[in-house]
Amino acid sequence: MPAPHDLGYRSLFAHPELVRELITDFTSFKLLDDVALSAFERVNPAYVSEHLSARQDDVVWRVRLGDEFLYVYILLECQSGVDRWMALRMQTYIGLLYQDLIKRHELSPGLLLPPVLPLVFYNGVPRWSASMELAGLLMQAPAELAALQPSQRYVLIDQQRLDRTALEANPGLLALLFRIELSAGPDVLYQVLPALTTWFADAPQSSLRRSVQVWINALLARGASERAWLVADSVEEGDDMKGKLDTWAEEFEELGFQKGSAEGMAKGKAEGMAKGQVIALRAVLGSLLRNRFGELPAPATQRIGQATQVELEQWFERGLNAPSLQAVFDNGATSA
């Protein structure tokens, strides 16, 4: 199940600006450099396999290139270990995507399947060691069968191993957020947060501003664990962005947040980790909903406080695009 920080990244990559930035700034592909944001359309990845296994950790976009579409498939591996079978997973997920396109009759006039750019975004501490192509997971086939074996590759963006000098020279929002996660505490306080203050002052899109707030709250919640709910509440009161940034700075300083903090969390007991994750999920969901719909009514706050992890994750997914608070909690059935 997605962890709070995974959900924070899902909120970021719900915006075409940051999907384009991820590709143009952190891969070698240049075909989307000059593509207008209006050419991006988000795809609901909740298509299912025969066993109704919804793909929970994926972000899928399609981009119009002339008269055709390119699909961008982003698989989030946030604070996870290395998955040896990633190339096989990616082949399976893309196969499910293709099956869904066929079912929905969304192919080209020539009934051909569209190209896919498969990306794995990884920010775990261990160095990525899995094969980046399916061939590395297969036994060597007899020569006469070699041409018949399946093939799949993916592009890896390993956040922990990004070049720090290049990050500091990159003025983009995504690079700035990566620096928050990767930098030591003093650098965050005295270099990155002031730059973020400037970005908030100039950012015209309120929904993107909200997603950045959700992402930072998720990052703080992960570090604060049991204090997560308090952290999220403290940064959401009022409309003073400068006040929120000052509060974030205080929280980063108090937590001593720095790279490697995930390793310290991994030493906790399993039960404590599970409890802390639910608390953090409540914090991230509350942050998202308050930013979208304003102060939450008491019944909504009570439901969040009593919800299971599965319910919290479902509400978060709805909250990214739901037209009302009612639609988040009851899918439009009753008011919260």
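None of these values were measured; they are calculated from a predicted model.

Visitor: Whenever I open this one, the sheet that holds strand E5 (residues 155-158) confuses me. Can you help?
Guide: Within a sheet, neighbouring strands are paired by backbone hydrogen bonds and run either parallel or antiparallel to one another. Strand order in the open sheet formed by five strands is E1-E2-E3-E4-E5, with mixed pairing between adjacent strands. Edge strands, defined here as strands with exactly one partner in the open sheet, are strand E1 (40-43) and E5. When strand polarity is set aside, the average angle formed by the axes of neighbouring strands in this sheet is 25°.

Visitor: Would you take a moment to explain the packing of helix H2 (residues 16-26) against helix H5 (residues 173-182) for this structure?
Guide: Packed helices, taken two at a time, are described by the angle between their axes plus the distance between the axes. Closest axis-to-axis distance for the H2/H5 pair is 9 Å, and the angle between their directions is 80°. Classified by the angle between their axes, H2 and H5 sit roughly perpendicular to one another. For the pair H2 and H5, the contacting residues are Leu18, Glu21, Leu22 and Phe26 in the first and Leu173, Leu174, Ala175 and Phe178 in the second. Residue composition of the contact of H2 with H5, grouped by class: seven nonpolar, no polar and one charged.

Visitor: What am I meant to see in the confidence of the model for the protein chain here?
Guide: Of the residues in the protein chain, 73% reach a pLDDT of 70 or more, and the chain-wide mean stands at 78. Averaged pLDDT values for the elements of the protein chain fall to 37 in helix H8 (residues 228-236) and rise to 96 in E5. Predicted confidence is poor over residues 50-54, with pLDDT under 50, and the contacts of this stretch with residues over four places away or in other chains come to four contacts. Between residues 224-239, whose pLDDT stays under 50, and residues either more than four places distant or in other chains, the model counts 37 contacts.

Visitor: Any chance you could explain unusual backbone geometry here in plain terms?
Guide: Most peptide bonds are trans, and most residues other than glycine sit at a negative phi. Despite not being glycine, His105 has its phi angle at roughly 60°, a positive value. Its location among the elements puts His105 in the loop between helix H3 (86-103) and strand E4 (116-122). Here the phi dihedral of Leu111 falls at roughly 60°; this positive angle occurs in a residue that is not glycine. Within the secondary structure layout, Leu111 lies in the loop between H3 and E4. Classification of Leu111 by relative accessible area gives exposed; the value is 66%.

Visitor: I tried to follow H5 on my own but got confused; where do I start?
Guide: Helical periodicity: at 3.6 residues per turn, an α-helix aligns residues three or four positions apart in one direction. For H5, the buried fraction is high: ten of the ten residues fall into the buried class. Taken as a whole, H5 has its buried residues at Leu173, Leu174, Ala175, Leu176, Leu177, Phe178, Arg179, Ile180, Glu181 and Leu182.

Visitor: Even after reading the chapter, I still don't get the environment of Pro126, so can you show me in this structure?
Guide: With respect to the helices, strands and loops of the structure, Pro126 is situated in the loop between E4 and E5. The partly exposed category is assigned to Pro126, whose relative accessible area is 43%. A sequence separation of 45 residues divides Pro126 from Gly81, and the C-alpha atoms of the two residues are 6.7 Å apart. The contacts of Pro126, once residues within four sequence positions are left out, are Ser80, Val82 and Arg161.

Visitor: What should I look at first to understand helix H13 (residues 309-319) in this one?
Guide: Taken together, the buried positions of H13 are Gln309, Leu312, Glu313, Trp315, Phe316 and Gly319. One face of H13 carries all of its buried residues, which in axial projection span an arc of 165°.

Rules of the game
- Residues numbered from 1 in each chain as written.
- Predicted model: local features only at pLDDT ≥ 70, side-chain atom pairs only at ≥ 80, totals over all residues.
- Heavy atoms only, no water.
- Pairing = 2+ DSSP bridges.
- Helix = DSSP H or I, 4+ residues; strand = E, 2+ residues; numbered from the N terminus.
- Axes fitted to C-alpha atoms, helices over the stretch in contact; angles between N-to-C directions.
- Parallel < 35°, antiparallel > 145°, perpendicular 65-115°, else oblique.
- Contact = heavy atoms within 4.5 Å.
- Nonpolar A, V, L, I, M, F, W, Y, C, P; charged D, E, K, R; others polar.
- pLDDT = per-residue confidence, 0-100.
- Buried < 20%, exposed > 50% of the residue type's maximum accessible area, 1.4 Å probe, protein only.
- Arc of directions from axis to C-beta.

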